[in-house]
Every structure is written in structure tokens, then in C-alpha cells.
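Single-letter residue listing:
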Amino acid sequence: MRDQATVRDPGDALLRVVGLSVAYGKAVVVHDVSMEVHPGEFVVLLGRNGAGKSTILHALSGLIPKRGNVHFAGCDITHADPGTIVRAGLVQVLEGHRVFPGLSVEDNLILGTYARRAPDQAEALERMYGLFPELGERRGQLAARLSGGQQQILAVAQGVIAQPKLLVLDEPSGGLAPLVVDRILTVAADLCRGGMAILLVEQLVDKALARAHFAYLLDAGRLAGAGTAGQLRGTDLLRRIYLGD
Ligand SMILES: Nc1ncnc2c1ncn2[C@@H]1O[C@H](COP(=O)(O)OP(=O)(O)O)[C@@H](O)[C@H]1O
Ligand SMILES: [Mg+2]
């Protein structure tokens, strides 16, 4: 694992979030969060259930109102709509492997290409079948017939086919067997080595830290810490966030 903390230059962040706050009605659930993802980095956002992780991701994708500033790939996307944000290259795979069950594997992937015009659809599909052979073998099958793990891989592939600059994954491990989780996280790490930046939300701390260059710890909607996996692993802070002691 690379340790990128020493080479992080604030000047070249791909995603820079400053003072992000989000409320549902009067309930503020994310307070003044600032974080960065740099080109080619694998960043993980950790925190207990209900800490506000998905809320942060939804705010970044323009799905819910927020306060603060968000810059992505040189543009201010604070007030941009979700379509503009996707076309700028920030693509999120939502929590809970959401695919279209009544469509085939291939049609689900084709929908993914609409997010950002793929120059050549046939080539983009073949690239996905190369990366995810389990999808290639089932390209004509209804997504509803896939296992939970295969549906999650399809959901990830739907994001990847859009060739994002930053792929945002919200708990891709949710409810899946350990082998499938390892497969998904290994794919994410491979994509990252290929140049795609990754922002991952995960409950499986050890598995996530094993792949991440940098981690942010969220506690009750506030940033409680940040650092490289090496700096955070085994610390009291990490234990406190997960065990609440
Ligand atoms: N649509 C919503 N309306 C009101 N409260 C919400 C909504 N979504 C999430 N919350 C609340 O916001 C807090 C953060 O939720 P969430 O971002 O989903 O946490 P996490 O993803 O870290 O588990 C929780 O207290 C949750 O109950
Ligand atoms: Mg969540």
C-alpha cells in the first residue's frame, strides 16, 4: 500500500469539500466537514451507522441541498445539478446494489453509458466484460436473476462504464459474503491503479483500510480524524468511533 500523506499537495485536489453541512428539515446531520480526494487516490470515509456518510455522498452528487463549497476537477459544483456533476466525472454507485431487475445485464450497462456519453458503446461493453467476466457470461440474463453479489458487481460496473474521474461507492459490501466483498474491493483498487480516483464508504474498517491511501473518520456528522491507513490503524480514535467508548 502506498502512503500518500507526504505527497498530498492541496493545490491539485480532484475533489475539494470545504465546510459541508447538511440538514434534513431542522436536524443538522453533517457539520462543517472538509475533505479532499486527489487524482488516483483511494480514499475511504469511515463511521458508524447513522454517522452521516451517505448524506455526505448524496450532497456531493447534488441530490440533496447543502451548505459549504464543493470543487471538482477544477469547477465549482456546489450548486450544480446531479446530471452536470455526473458529466463532470463524479459518478456515485448508490447503497444497496440498485440495478433495474427487469432489464438484462447488458441493458443495465448500456444505461450506465448514458450517464456520460461513451464514445463507443460496443467497446465500452467489452471493456466491462473483460473487467467483470461474471457479467459477460450473463449478459443476456435479467438482472433479477443474478445473485446479490453479482447485482452489486453490476451496480459497480454501471458506474465504471461511464469512465468517471471519481467513482463513489457507498457500502458496496452491504449484506454480501466476504469473498464477494473482497472481489469488489480488489476491483476498486485495480481501477484506482488504472488512474480512477475512488471514494469509498465502508463499515468493514480493516478491509477498507487495507486498500486505502487516506481515510476520514466521521463521528455523529463531524470529522473526528483523518490520516493514512498506517497512521489510523489500531488507534484509540478508530476504536472509539466504532465501539463508542
Ligand atoms: N431522508 C432523511 N430524512 C431525515 N433524516 C435522515 C434521512 N436520511 C438520513 N437521515 C438521518 O441522518 C443521519 C445520517 O444518516 P446517513 O447519512 O444515512 O448515515 P450513514 O450513511 O453514515 O449510515 C441519521 O441520523 C439518519 O437517520
Ligand atoms: Mg449509509
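It should be noted that the structure appears before, not after, this text.
Residues numbered from 1 in each chain as written. Chains lettered and ligands numbered in written order. Predicted model: local features only at pLDDT ≥ 70, side-chain atom pairs only at ≥ 80, totals over all residues. Heavy atoms only, no water.

1. Here's the deal with helix H4 (residues 121–131)
Argument step 1. Here H4 has its buried residues at Ala 124, Leu 125, Met 128 and Tyr 129. Along the long axis of H4, the arc covered by the buried residues comes to 140°, so they all point the same way. Among the exposed residues of H4, those pointing more than 90 degrees away from its buried face are Ala 122 and Gly 130.
Argument step 2. At the N-terminal end of H4, a side-chain oxygen is found 3.1 Å from the backbone nitrogen of Ala 122, two or three residues along, and the residue is Asp 120. (Buried < 20%, exposed > 50% of the residue type's maximum accessible area, 1.4 Å probe, protein only. Helix = DSSP H or I, 4+ residues; strand = E, 2+ residues; numbered from the N terminus. Arc of directions from axis to C-beta. Polar contact = N/O pair within 3.5 Å; in protein donor to acceptor, adjacent residues only side chain to side chain.)

2. Some points on the site of ligand 1
Argument step 1. Close contacts around ligand 1 come from Tyr 24, Val 29, Arg 48, Asn 49, Gly 50, Ala 51, Gly 52, Lys 53, Ser 54 and Thr 55, and that covers them all.
Argument step 2. Here a nitrogen atom of ligand 1 sits 3.5 Å away from a polar atom, N or O, in the side chain of Tyr 24.
Argument step 3. Taking Gly 52, its main chain carries an N or O atom lying 3.0 Å from an oxygen atom of ligand 1.
Argument step 4. Out of a free accessible area of 560 Å², ligand 1 has 56% covered by protein chains.
Argument step 5. Sorting elements by how many residues they give to the shell around ligand 1 places helix H1 (residues 53–60) first, with three residues.
Argument step 6. Looking at side-chain class alone, the shell around ligand 1 contains three nonpolar, five polar and two charged residues. (Near = heavy atom within 4 Å. Areas by Shrake-Rupley, 256 points an atom, 1.4 Å probe, with all protein chains shown as cover. Nonpolar A, V, L, I, M, F, W, Y, C, P; charged D, E, K, R; others polar.)

3. As for the environment of Gly 149
Argument step 1. Position of Gly 149 relative to the elements: it lies in helix H6 (residues 148–160).
Argument step 2. Classification of Gly 149 as buried rests on a relative accessible area of 9%.
Argument step 3. Sequence separation of Gly 149 and Val 181 is 32 residues, and the distance between their C-alpha atoms is 8.1 Å.
Argument step 4. With near-sequence residues (within four places) excluded, Gly 149 lies in contact with Leu 176 and Val 180. (Contact = heavy atoms within 4.5 Å.)

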